[in-house]
Amino acid sequence: MNKGKKILYTLLIGALVFIPFLVNADSGFDTDFGGSSSGGSWSSGSSGGSWSSGSSGSSWSSGSSHRSTYSGNYSDSSFLLTLFCFICIVIVIYYYKAMNSGKGPQSDFVPQEFDINKIKEKLPNFDKEEFKDIAYTIYVEVQNAWMNIDYNSLRNLLTDELFNKYKTDLEVLELKKQKNIMTDYKLNNFEIINFSESEENYIITCYLNIELHDYIVDKDNNVIRGNKENIIVHDYELTFVRGKDIKEGTCPNCHAELNDKASKVCPYCNSVIVSRNNNWVLSNKTSKSQRIK
């Protein structure tokens with residue numbers, strides 16, 4: 001969590017003592033599209049109350065079940081509490097607008113580089129730059145499949161658990177006749193941050209800093225959430241898994257051993273060797289932070 005968000009959340013907790021509010025977020029989406037730049041309002045129902053102040057004093061009125069009126073000067077404690085609440089509201093609105101206009105605090109998420117030699121103990125032919133291309137290619141293909149609501153492509157790129165989650169979210173989008181547009185990807189930074197293994201799989205977690213255009217349109221292609229002009233910058237944490245029964249340096253089709261790693265065609269079955277995937281699939285995608293460039 002960056003420092004700006006820590007300040008914002010601290011102020012929100014303080015404001016919670018006085019003002020009830022609800023925060024909504026969409027699952028399955030990279031970008032948080034919630035909220036508008038114009039701020040917000042708070043209102044209460046018939047059982048709640050309202051605060052009003054005039055030049056001659058102040059009054060509090062509640063719903064029909066209870067009614068009482070106060071007039072006169074504020075006590076010191078009431079004034080300080082009210083002032084604190086007001087300051088919290090102002091600063092929260094300022095930070096919210098700042099962070100959504102690209103002027104807010106930048107991410108302080110710093111990935112810790114993992115010792116590649118520990119991966120090579122299990123995968124002797126592992127190459128960091130090659131895996132970088134694999135990870136980024138899978139990311140882009142997943143994003144494009146999500147945008148185009150292409151279930152078949154997603155099925156080949158994701159674990160069963162993640163595929164089922166994406167499928168549920170996409171069905172909601174389809175029902176609403178909406179589409180999540182994502183274009184102009186740019187990879188700014190990449191780092192492997194962890195490697196582990198289970199009984200059946202090898203697991204690699206990596207950090208990617210990626211920028212893109214990300215917004216939602218309706219059936220008439222009108223932007224209804226986000227802004228097509230904004231460039232969204234994400235600090236991602238992506239986790240990939242690969243089965244242990246897949247041997248490096250073998251044909252993914254006939255599993256024959258390949259002496260030439262650079263070969264694009266298997267000399268035994270003539271299958272095209274697609275090295276960009278190597279049977280790694282995405283098992284988790286988390287946006288650690290996001291901001292408008």
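Residues numbered from 1 in each chain as written. Predicted model: local features only at pLDDT ≥ 70, side-chain atom pairs only at ≥ 80, totals over all residues. Heavy atoms only, no water.

**Considerations on unusual backbone geometry**
One non-glycine residue with positive phi stands out, namely K177, at about 60 degrees. Along the chain, the position of K177 falls in the loop between α6 (160–176) and β3 (179–197). Residue K177 is classed as exposed on the basis of its relative accessible area of 54%. Here the phi dihedral of D184 falls at roughly 60 degrees; this positive angle occurs in a residue that is not glycine. Inspection of the secondary structure puts D184 in strand β3. (Helix = DSSP H or I, 4+ residues; strand = E, 2+ residues; numbered from the N terminus. Buried < 20%, exposed > 50% of the residue type's maximum accessible area, 1.4 Å probe, protein only.)

**Here we look at a nonpolar patch on the surface**
Side chains of F79, L80, L83, F86, I87 and V90 sit close together on the surface and give an oily, nonpolar patch of about 570 Å² of accessible area. For I87, the location among the structural elements is in helix α2 (residues 76–99). Since its relative accessible area comes to 40%, I87 is described here as partly exposed. (Patch = residues over 30% accessible without salt bridge, like charges linked within 9 Å, V, L, I, M, F, W, Y side chains within 5 Å. Areas by Shrake-Rupley, 256 points an atom, 1.4 Å probe, with all protein chains shown as cover. Salt bridge = Lys/Arg side-chain N within 4 Å of Asp/Glu carboxyl O.)

**A look at the pattern of salt bridges**
One pass over the structure, following the stated rule, counts 11 salt bridges. The partner of K165 in a salt bridge is D169, with the nearest N and O atoms 3.2 Å apart. Taken together, the residues span about one helical turn, with K165 and D169 both in helix α6 at a distance of 4 residues. Judged by relative accessible area, D169 falls into the buried class, the value being 11%. The partner of D235 in a salt bridge is R291, and the shortest N-O contact between them spans 3.0 Å. One end of the pair, D235, is in strand β6 (residues 232–243); the other, R291, is in strand β7 (residues 281–292), with 56 residues separating them in the sequence.

**Side note on the confidence of the model for the protein**
Mean pLDDT over the protein: 75, with 63% of residues reaching 70 or higher. For residues 101–105, every residue scores under 50 in pLDDT, and the model assigns this stretch 9 contacts once sequence neighbours within four places are set aside. (pLDDT = per-residue confidence, 0-100. Contact = heavy atoms within 4.5 Å.)

**Description of the nonpolar core**
Ranked by internal contacts, the top residues of the largest apolar core, which has 45 residues, are I119, F131, L158, I192, C206, F240 and W280. Listing elements by their share of this core, those giving two or more residues are α3 (116–120), α4 (128–147), α5 (151–157), α6, β3, β4 (201–217) and β6. Broken down by element, this core gets its largest block of residues, 10 residues, from α4. (Core = buried A, V, L, I, M, F, W, Y, C linked by side-chain atoms within 4.5 Å.)

**Some remarks on the side chain of Q178**
Within the fold, Q178 resides in the loop between α6 and β3. In this structure, Q178 is in contact with L173, I216, V217 and I224, ignoring residues within four places of it in sequence.

**Considerations on the packing of aromatic side chains**
Taken as a whole, this structure holds 8 aromatic pairs when the rule is applied. Measuring from centroid to centroid gives 5.8 Å for F131 and F240, while their planes differ by 90 degrees, and the two rings are edge-to-face. Of this pair, F131 sits in helix α4 while F240 sits in strand β6, and the two are 109 residues apart along the sequence. With a centroid separation of 5.3 Å and an interplanar angle of 75 degrees, the aromatic rings of W146 and Y166 are classed as edge-to-face. Of this pair, W146 sits in helix α4 while Y166 sits in helix α6, and the two are 20 residues apart along the sequence. Exposure class is identical for W146 and Y166. Each is buried. It is K167 that lies over the ring of Y151; its NZ or CZ is 5.9 Å from the centre. The aromatic ring of Y202 is capped on one face by K244, whose charged end is 5.6 Å from the ring centroid. (Phe/Tyr/Trp six-rings, centres within 6.5 Å; stacked < 30°, edge-to-face > 60°. Lys NZ or Arg CZ within 6 Å of the ring centre and 35° of its normal.)

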